[in-house]
Amino acid sequence: MLEGECMSKAFRRMTVGIAALAFAAATVAAEAKDKVKVGFIGPLTGGVSVNGLGGRNSADLAVRLRNADPNAKYEYELVVLDDECKPNVAVQVATKMAADKDIIAGATHYCSVTAIATVDTYHKFNFPVIVWGAVLPDITYRNKYEEVHRVNGTMINQNDANAELVSKLGYKTVAVIHDTTDYGKGHNEYFSKALAKIGQAKIVGTFGVTADQQDFTAELTKIKALNPDVIYFGGLTPIGVRIRSQMDKLGIKAAFDGTSGIVSDAYIQGLGPLAEGTLAFREGAPAEKLPGGKFFMEKYNAQKYDNPPEAYGPFAYAAMDMILDTIEKVGPDRKKVIADLANVKDRDSIVGKITFDDHGQNTVPVITKYVVQDGKFVEWDDSDYASGKRKLPG
């Protein structure tokens, strides 16, 4: 074969190869999706970090599943920030996130103290958020900020159910311990009102404690002298563990009645057998009984996260999933996302139908009553305590 013919064939092969590469590149370019950033904020460190990590993983799951969907219009990147369950830190990270115009919306906050501290920031920056775990009513109801929404319920219905069960069980006297944050004061207010409305049990003493308090000897000594049937606790897991432990050391036999703030594996792990018989209440059904609970848990477990989703993980997933749905519908535009979230009515989610009222608050009618039995939070109605096989203290 002549040298010229060889060069000619080589040239043709090279030309065909270049054309094929160019076509492939064009195809990839055509299929490439615009990247959109969305945010998550929760307590990733500190005493309630298990809840924040479970929430983060759940929001991450929503993003992963959406990115795996070939029909999704955009590719999503999750930006995660730690509020440490501290108001001052929360304002800093909320400002950082909201000021970043590339982040379109966020699923935010487990702790009420951080959620209420940041609403003004989100309003200032026109940054749409969906709260996934904080329960203080004022987060949505103090102002009428169009940027602020919440998929989980509030502490009002939670405390109505709590007061109803305490009264139904025949308890007559209650001592209240609450932390002095907005969260703890809110629980004290709504529980006290609910109990008084029923009128069968009375509060014999109310004690405010700081969120980082270590020693409760003074308060518990006074409570022991009051000899209440029940000690109601409005606060989070870390001090709940300390109070319940110190009750035992002082020989206090009252029933221990908590809020959604102690519904976590960390509470049981921190107390061991002393957690047995603790009451607690949380809005929404347990994960396995949610409309999309089976789907959520299967997908969550398949990712092999280091932490369980915890009680509010499904709500974090639902919040992020709604954000992604909205962006898919109206595009990555904050104003359009806010406008669309203002019209949420009967939207399907793994936690059930979601409807936002004129303050951005979802109505969560189901309140689940829990009791710790054999090292697990068990639904009250399914427990040996409800059936009479076991008896609560007090």
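Analysis parameters
- Residues numbered from 1 in each chain as written.
- Predicted model: local features only at pLDDT ≥ 70, side-chain atom pairs only at ≥ 80, totals over all residues.
- Heavy atoms only, no water.
- Disulfide = S-S within 2.5 Å.
- Helix = DSSP H or I, 4+ residues; strand = E, 2+ residues; numbered from the N terminus.
- Contact = heavy atoms within 4.5 Å.
- 1 Å grid on protein atoms, 1.4 Å probe; cavity = no way out; pocket = protein on both sides within 12 Å on 5 of 7 lines; lining within 4 Å.
- Points joined across faces, edges and corners; volume = space filled by probe spheres on them.
- Nonpolar A, V, L, I, M, F, W, Y, C, P; charged D, E, K, R; others polar.
- Phe/Tyr/Trp six-rings, centres within 6.5 Å; stacked < 30°, edge-to-face > 60°.
- Buried < 20%, exposed > 50% of the residue type's maximum accessible area, 1.4 Å probe, protein only.
- Lys NZ or Arg CZ within 6 Å of the ring centre and 35° of its normal.
- Right-handed = clockwise from strand over helix to strand, strands pointing away.
- Pairing = 2+ DSSP bridges.
- Axes fitted to C-alpha atoms, helices over the stretch in contact; angles between N-to-C directions.
- Parallel < 35°, antiparallel > 145°, perpendicular 65-115°, else oblique.

## What to know about the state of the cysteines
Then comes step 1: The full count for this structure, using the stated rule, is one disulfide.
Then comes step 2: Bridging C85 to C111, the disulfide has an S-S length of 2.0 Å. One quick way to see it: the torsion about the S-S bond of C85 and C111 is about -115°, and its sign makes the bridge left-handed. Of this pair, C85 sits in the loop between β2 (74-82) and α3 (87-99) while C111 sits in the loop between β3 (103-108) and α4 (112-124), and the two are 26 residues apart along the sequence.

## A short note on the environment of E219
Then comes step 1: Among the secondary structure elements, E219 is positioned in helix α8 (residues 217-226).
Then comes step 2: It is 9.7 Å that separates the C-alpha atoms of E219 and I243, two residues lying 24 residues apart in sequence.
Then comes step 3: Excluding residues within four positions of it along the chain, E219 makes contact with F207, V209 and Q213.

## Section: empty space enclosed by the protein
Then comes step 1: In this structure the tally under the stated criterion is one cavity of 30 Å³ or more.
Then comes step 2: In this structure, the largest cavity encloses a volume near 60 Å³.
Then comes step 3: For the largest cavity, the full set of lining residues is Y110, S112, G133, A134, V135, Y183, L236, S260, G261 and Y312.
Then comes step 4: Looking at the lining of the largest cavity residue by residue, the class counts come to six nonpolar, four polar and no charged.

## Focus: the packing of aromatic side chains
Two numbers describe a pair of aromatic rings. These are the distance of the centres and the angle of the planes.
Then comes step 1: Per the stated rule, a full pass over the model turns up 13 aromatic pairs.
Then comes step 2: Plain terms: the ring middles of F296 and Y300 are 5.6 Å apart, the flat faces sit at 45° to each other, and that makes the pair tilted. Of the two residues, F296 and Y300 are both situated in helix α11 (residues 293-302); the distance of four residues between them amounts to about one turn of the helix. Here F296 matches Y300 in class, with each residue buried.
Then comes step 3: One aromatic cluster is present, built from ring pairs that chain together F40, Y110, W132, Y312 and F315.
Then comes step 4: Over the ring of Y312 we find R282, and its NZ or CZ is 5.6 Å from the ring centre.

## Structural notes on the pairing of strand β6 (residues 173-179)
Then comes step 1: Most of β6 is tucked away, with seven of its seven residues classed as buried.
Then comes step 2: Side chains T173, A175, I177 and D179 of β6 all project onto a buried face; the interleaved residues V174, V176 and H178 project onto the opposite face, where all are buried too.
Then comes step 3: In the classification by handedness, the crossover that spans β6, the intervening helix α7 (residues 182-198) and the parallel strand β7 (residues 202-209) is right-handed.
Then comes step 4: As defined by bridge partners, β6 adjoins strand β8 (residues 230-234) across five bridges and the pair is classed as parallel. Paired with H178 across the strands is G234, a residue of β8.

## Focus: the packing of helix α2 (residues 49-67) against α11
Then comes step 1: Where α2 meets α11, the closest approach of the two axes is 10 Å, and the angle between their N-to-C directions is 95°. In terms of orientation, α2 and α11 fall into the roughly perpendicular class. Of the residues in α11, those touching α2 at G54, N57, S58, L61 and L65 are F295, F296, K299 and Y300.
Then comes step 2: Split by residue class, the contact of α2 with α11 holds five nonpolar, three polar and one charged.

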